[in-house]
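# Structural overview for review
Residues per chain, in single letters:
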Amino acid sequence: MNCRLAVAGWVLAVLGGGVSVLEAASAPPPVLTRTAPGQFEIASVDVGAAERAMTEASAAWRLLSAPLGLPAGFPSPIFVRLVPAAEWAEPAPFRVTAEPGGVVAVRVRWSEATPTVFLRRALVQALLLRLGVAAQGVSPRLTVPLWLEQACVGWWRTREEPAQLDALQQESAVLAPPPLADLLGWQRSDVEPRGLSVGAVWLLTWLQAESGRAGEWPALRARLLAGEEPLASLATCYPERFGGADERELWWQTGWHHVRRLATPPQMGSAESRVMLGDLARFVFSVGGHDTVVPLRFVLRQRGEPAVAAMLSAREKELQRVTPALHPFYRNAGLALADCLEPKKRRSDDEFAAACAEFDREWRDAVELETTAREALDALAASRRR
């Protein structure tokens, strides 16, 4: 979807719990693309950059929905602005801000060489801040704990690329768990110890594993974003797990070794694969002032247009990265979609139409397989309850 957006006004800047007031720099209104209502809106003068950011933002929402308890959307989306590197004057590679009205905005220094991790950390920080704003509004107490930001980025990476989870497990086998007080009290500086980054992922995993119907993890998450003291909040939200500091450390070390040894299937679930593949095959454009879903074969007919070519290239790269992790039901559909998006193939419109028809067939077969399997499992579960 393409429209215009001018970003201006006074904002509250929230970084690591610090709050200051500044005026946003005026700039020509860039093109705006949207992931979904109430989620992310990306502004950029470079369509290719906006497409890459939109793909990452969609993945952030999808993969972090469970650990962060994300809603379907917020009343107002998170605004992401990609600022050309030549126009960037700040020392940090990104800045996340919250306006008094509750709008969260992100500015990212952008060039072709911008590391993906910078964009991911900016998106994660914005999500955490938006959750805090949704719970209590904009206040000086709002905090984005560094360990939780790092944990979410690591969770994202290891869930999107299963090989990275294997690598993290192997790396952790020769590391000692960092002290829990050091991890929860981790402050922002120029140095980010690798041991704390690894520990953050396992702590997030362990806190979710230990959370039950009482909602221990959601309660702790809310307290941390509200700026409450982390160790005291942990003891309050996870009662009867430990007594003093020594028992608390033993509980954490037990959790570290438990979660790092868990065998995790090296693939997405069928529902997650369907959502991922559906997002990559879905193109929304502004037609007559209205958001319109445009069929893939029509998009491919315009592949010679620079903006469309950039969009197709970004999605093709993302598909290459996630195809190995797709559920077996959706693997063939993923390969068929990759064939449609392959930029190096010079084919006629009829040949592209045939490739799109093949993807449609594989997609229908995959959805049918998923539905049949789910119904069979539901029927089996129902028979056992009788």
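Up top is the structure these notes are about.
All of these numbers come straight from a predicted model, not from anything done at the bench.

## What to know about the pattern of salt bridges
Throughout the structure, instances matching the rule amount to 16 salt bridges. With a closest N to O distance of 2.8 Å, glutamate 370 and arginine 274 form a salt bridge. Of the two residues, glutamate 370 sits in helix H14 (residues 349-385) while arginine 274 sits in helix H10 (residues 270-281), which places them 96 residues apart along the sequence. Taking relative accessible area as the criterion, glutamate 370 reaches 4% and is therefore assigned buried. Several salt bridges share partner residues, and in doing so they unite Arg121, Glu149, Arg188 and Glu192 into one network.

## Concerning the packing of aromatic side chains
Evaluation of the coordinates by the stated rule reveals 8 aromatic pairs. Their ring planes at 90 degrees and their centres at 6.0 Å tell us that phenylalanine 40 and tryptophan 61 sit as a pair that is edge-to-face. One end of the pair, phenylalanine 40, is in strand E5 (residues 40-44); the other, tryptophan 61, is in helix H1 (residues 47-68), and 21 residues separate them in sequence. Since its relative accessible area comes to 0%, phenylalanine 40 is described here as buried. For tryptophan 61, a relative accessible area of 5% corresponds to the buried category. For the pair tyrosine 238 and tryptophan 251, a centre-to-centre distance of 5.9 Å together with 55 degrees between the ring planes defines the contact as tilted. Residue tyrosine 238 is found in the loop between helix H8 (230-237) and helix H9 (245-261), and its partner tryptophan 251 is found in helix H9; the two are separated by 13 residues along the sequence. The residues tyrosine 238 and tryptophan 251 share a single accessibility class, namely buried. Taken together through their ring pairs, the aromatic side chains of Trp206, Tyr238, Phe242 and Trp251 make up a single cluster. In this structure, arginine 297 is placed above the aromatic ring of phenylalanine 298, and the distance from its NZ or CZ to the ring centre is 4.9 Å.

## As for helix H4 (residues 162-172)
For H4, every residue scored as buried is listed here: Pro162, Leu165, Leu168, Gln169 and Ser172. Here the buried residues of H4 occupy an arc of 110 degrees about the axis, which is enough to place them on one side. Across H4 from its buried face, at more than 90 degrees, point the exposed residues Ala163 and Gln170. In the core, the buried residues of H4 are packed alongside helix H3 (146-160), helix H6 (194-209) and H9.

## Observations concerning unusual backbone geometry
One non-glycine residue, glutamate 240, lies in the positive phi region at around 65 degrees. With respect to the element layout, glutamate 240 can be found in the loop between H8 and H9. In this structure glutamate 240 comes out as exposed when scored by relative accessible area, which is 82%.

What counts and what doesn't
Residues numbered from 1 in each chain as written. Predicted model: local features only at pLDDT ≥ 70, side-chain atom pairs only at ≥ 80, totals over all residues. Heavy atoms only, no water. Salt bridge = Lys/Arg side-chain N within 4 Å of Asp/Glu carboxyl O. Helix = DSSP H or I, 4+ residues; strand = E, 2+ residues; numbered from the N terminus. Buried < 20%, exposed > 50% of the residue type's maximum accessible area, 1.4 Å probe, protein only. Phe/Tyr/Trp six-rings, centres within 6.5 Å; stacked < 30°, edge-to-face > 60°. Lys NZ or Arg CZ within 6 Å of the ring centre and 35° of its normal. Arc of directions from axis to C-beta. Contact = heavy atoms within 4.5 Å.

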